[in-house]
Amino acid sequence: MTFQELYENALRMIAESQSSGGDTSDYEERASYILATFCAECAETDRCYRIANGSGTSSKVSSSYVELSHPFPFSDVFASPAVYYLCAMLTLDENETMSERFFERYSDAIASIQASIPFSCEPIRDHYTMI
């Protein structure tokens, strides 16, 4: 799956389409930055998810911009939350109610992923060396 596919899914969900003749160039321009923000925010959760499920490591993503033609670097379970996040951010200025609904779906999806990551017991580190 590529970032482009996530972007196209988000367009369909917000009732926009490149094929409908509407001008979506502003959405496409913003999508690269929004998806980079999503990746920066969810990188640690994806790392924990991969460790818990025995998957390999994901590729590093720029925290400021992604190429839409590049592959989505996270586990497949992060695709839906990425689309919801993109929908929420693209519609924030035009339709605040719709944006809030998509952001709630994003938040619920991420919380569900985090809840599925099993607990791991590790010793507590003394970062302050006061004792």
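Residues numbered from 1 in each chain as written. Predicted model: local features only at pLDDT ≥ 70, side-chain atom pairs only at ≥ 80, totals over all residues. Heavy atoms only, no water.

Q: Please explain the packing of helix α1 (residues 3-13) against helix α3 (residues 79-90) as it appears in this structure.
A: Following both chains from N to C, one finds α1 and α3 inclined at 55°, their axes separated by 9 Å at the closest point. Classified by the interaxial angle, the pair formed by α1 and α3 is oblique. As α1 packs across α3, the resulting crossing turns out to be right-handed. Taking contact as the criterion, the partners of L6, Y7, N9, A10 and M13 in α1 are, on α3, A79, A82, V83, Y84, L86 and C87. (Axes fitted to C-alpha atoms, helices over the stretch in contact; angles between N-to-C directions. Helix = DSSP H or I, 4+ residues; strand = E, 2+ residues; numbered from the N terminus. Parallel < 35°, antiparallel > 145°, perpendicular 65-115°, else oblique. Left-handed = near helix turned anticlockwise from the far one by under 90°. Contact = heavy atoms within 4.5 Å.)

Q: For this particular structure, what's the right way to read the pattern of salt bridges?
A: Note that side chains of opposite charge can pair when their charged atoms are close. Counted under the stated rule, the structure contains two salt bridges. Between D46 and R50 there is a salt bridge, and its shortest N-O distance comes to 2.9 Å. Of this pair, D46 and R50 both sit in helix α2 (residues 25-53), four residues apart, roughly one helical turn. Looking at R50, the relative accessible area reads 13%, which means it is buried. (Salt bridge = Lys/Arg side-chain N within 4 Å of Asp/Glu carboxyl O. Buried < 20%, exposed > 50% of the residue type's maximum accessible area, 1.4 Å probe, protein only.)

Q: I keep staring at the nonpolar core and nothing clicks. Help me out?
A: Inside soluble globular proteins, nonpolar side chains tend to come together where they are buried. Counting 33 residues, the largest nonpolar core has F3, F38, F72, F78 and L86 as the members making the most contacts within it. Sequence-distant contacts of F3, defined by excluding residues within four places in its chain, comprise L35, C39, V66, E67, L68, H70, P71, F72 and P73. (Core = buried A, V, L, I, M, F, W, Y, C linked by side-chain atoms within 4.5 Å.)

Q: Help me understand the side chain of S99 in this model?
A: Here S99 shows up in helix α4 (residues 96-116). Discounting chain neighbours no more than four positions away, the residues touching S99 are A88, T91 and L92.

Q: Sorry if this is basic, but what is going on with the environment of C39 here?
A: With respect to the helices and strands, the residue C39 is situated in helix α2. Spatially, the C-alpha atom of C39 lies 22 Å from that of T24, the residues being 15 residues apart in sequence. In this view, C39 contacts F3, V61, F72 and F74; residues no more than four positions away in its chain are not counted.

Q: I'm lost on the packing of aromatic side chains in this one. Help?
A: The relation between two aromatic rings is expressed through the spacing of the ring centres and the mutual angle of the planes. Here the structure, examined in full by the defined rule, presents twelve aromatic pairs. A centroid spacing of 6.1 Å and a plane angle of 90° characterise the contact between Y49 and F78, whose relative ring orientation is edge-to-face. Taken together, the positions of Y49 in helix α2 and F78 in the loop between α2 and α3 put the pair 29 residues apart, joining distant regions of the chain. Residue Y49 shares its accessibility class with F78, and that shared class is buried. Arranged with centres 5.7 Å apart and planes meeting at 70°, the rings of F74 and F78 form a pair that is edge-to-face. Judged by its relative accessible area of 5%, F74 is buried. According to the relative accessible area criterion, F78 is buried, its value standing at 0%. Members of the aromatic cluster, connected to one another through ring pairs, are F3, F38, Y49, F72, F74, F78, Y85, F103 and Y106. (Phe/Tyr/Trp six-rings, centres within 6.5 Å; stacked < 30°, edge-to-face > 60°.)

Q: What is the right way to read the state of the cysteines from this model?
A: In a disulfide, the sulfur atoms of two cysteines are covalently bonded to one another. Tallying each qualifying case throughout the model produces zero disulfides. Lacking any disulfide linkage, C48 is separated from the closest cysteine sulfur, that of C42, by 12 Å. The exposure class assigned to C48 is partly exposed, which follows from its relative accessible area of 28%. Distance from the sulfur of C87, which forms no disulfide, to the nearest cysteine sulfur (C42) is 15 Å. In this structure C87 comes out as buried when scored by relative accessible area, which is 0%. (Disulfide = S-S within 2.5 Å.)

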